[in-house]
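Coordinate analysis (summary)
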Amino acid sequence: MLKKPPGYRDPAAPSPAAPRPLPPAFRQPGKPLPQQRHRRPRRSYCCRVCCWASAVALVLGTLLAVAAGLAYLWFQPRLPSFRLESLNATELRVVASPDGTLLDAAIKVGILATNPNGRIVLEYGDGDARVAVADDDGDVSVGAVAITGFEQGRRNRTVVRFAAAAKRVPVDEVAGARIRAGFRSKEVRFGVELRTKVGLQVGGKSTGKVLIRVGCSPVSLNQGVSGGTPPKCLVYLFSWINLH
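To start, this report covers the structure provided alongside it. Here, residues in each chain are numbered from 1, in the same order as that chain's written sequence. With the structure being a predicted model, the display of local features is reserved for residues of pLDDT at least 70 and the display and counting of side-chain atom pairs for 80 or more, all residues being used for whole-chain, interface and lining totals. Side-chain descriptors were evaluated using all non-hydrogen atoms of the structure, hydrogens and water having been removed beforehand.

Now for the state of the cysteines. Covalent bonding between the sulfur atoms of two cysteines is what defines a disulfide. We call a pair of cysteine sulfur atoms a disulfide when they lie within 2.5 Å. Per the counting criterion, the structure on display carries 1 disulfide. C216 shares a disulfide with C233; S-S distance 2.0 Å. Its S-S torsion of about 95° marks the bond between C216 and C233 as right-handed, since a negative value means left-handed. With C216 in strand β10 (residues 210-220) and C233 in the loop between α3 (221-225) and β11 (234-237), this pair connects stretches of sequence that are 17 residues apart. In DSSP terms, a helix is any run of H or I states spanning at least four residues, a strand is any run of E spanning at least two, and both are numbered starting from the N terminus.

The next point concerns helix α2 (residues 173-185). An ideal rise of 1.5 Å per residue puts 18 Å on 13 residues; α2 measures up with 19 Å between its terminal C-alpha atoms. Partly exposed describes any residue whose relative accessible area lies between the buried limit of under 20% and the exposed limit of over 50%, with all areas from a 1.4 Å probe on protein chains only and scaled to the type maximum. Within the sequence span of α2, burial applies to A175, G176, I179 and G182. Angular distribution of buried residues about the axis of α2 spans 130°; they occupy a single face of the element. Of the exposed residues in α2, those oriented more than 90 degrees away from the buried face are E173 and R184. Here α2 starts with a cap whose side-chain oxygen sits 3.0 Å from the backbone nitrogen of V174, and that cap is D172. Of the residues trailing α2, K186 is marked for its positive phi of about 65°. Residue count minus one, scaled by 1.5 Å, sets the expected span of a helix. As used here, the arc is the angular range of directions from the helix axis to the C-beta atoms. Whenever a nitrogen or oxygen atom comes within 3.5 Å of another N or O atom, the pair is scored as a polar contact, on the condition that within protein one atom can donate a hydrogen and the other can accept it, and that pairs from neighbouring residues in sequence are kept only if both atoms are in side chains.

With that out of the way, let us pick up the nonpolar core. Burial of nonpolar side chains together is a common tendency in soluble globular proteins. Throughout, nonpolar core names a set of buried Ala, Val, Leu, Ile, Met, Phe, Trp, Tyr and Cys residues whose side chains join them through atoms within 4.5 Å. Of all hydrophobic cores here, the largest spans 41 residues; its most connected members are F82, L103, F162 and F190. Contributions of two or more residues to this core are made by β1 (81-97), β2 (100-115), β3 (121-124), β4 (127-134), β5 (140-147), β7 (156-171), β8 (189-202) and β10. The contact rule is simple, with two residues in contact once any of their heavy atoms fall within 4.5 Å. In this structure F190 touches L87, A89, L92, I107, V131, A132, V133, V142, S217, P218, V219 and L221, once residues within four positions along its chain are discounted.

In structure tokens form, the structure reads like this:
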């Protein structure tokens, strides 16, 4: 029988068992035992966090939408409306001078503000009003006046009155002639603009105010004095978003 060479391993022999760790008595001092590495399921943890955050956001959004819908049904908010109540020119004179054609004017205006809400109080801040003579060659400013803020109750109608005046405003000679003729025939037209801030008061608590601009189309003296029904004034949010 031939001798097996050194390192020979019989294929039919069972595989040798893994070496066991040495007992503490035979372990080298200061050398720790080998530890197995465990991988944390980071991807699964992130997915759970995203799912919970999405669910919470969805629930909060649904609750806010339901609350807003109920508040709308309860308060039924409506936009305030404005109408030019009166317009009267106590003075309108066009004179020729060495400096050119000059305009002197004094206008009294009344704007009707209506709050149609039955559960909401409107709060108006201080603002300013401007009056201009409408002409084909361009409007001629008559002046601007300050408007004091006020509080408007539920289902209330308030007339805001003010007077604007201008002295020695230079105008074109042709435009001055048209304004003079229009004043005599009461067909001269005036445009009115009001800038202010408005907020809401619900249950004794006030909200912040936002800037609005109220623009009234040019109206003749015949419409303003005779007590006719001039068109409603347009309301713009932040001076450029047309609300109605």
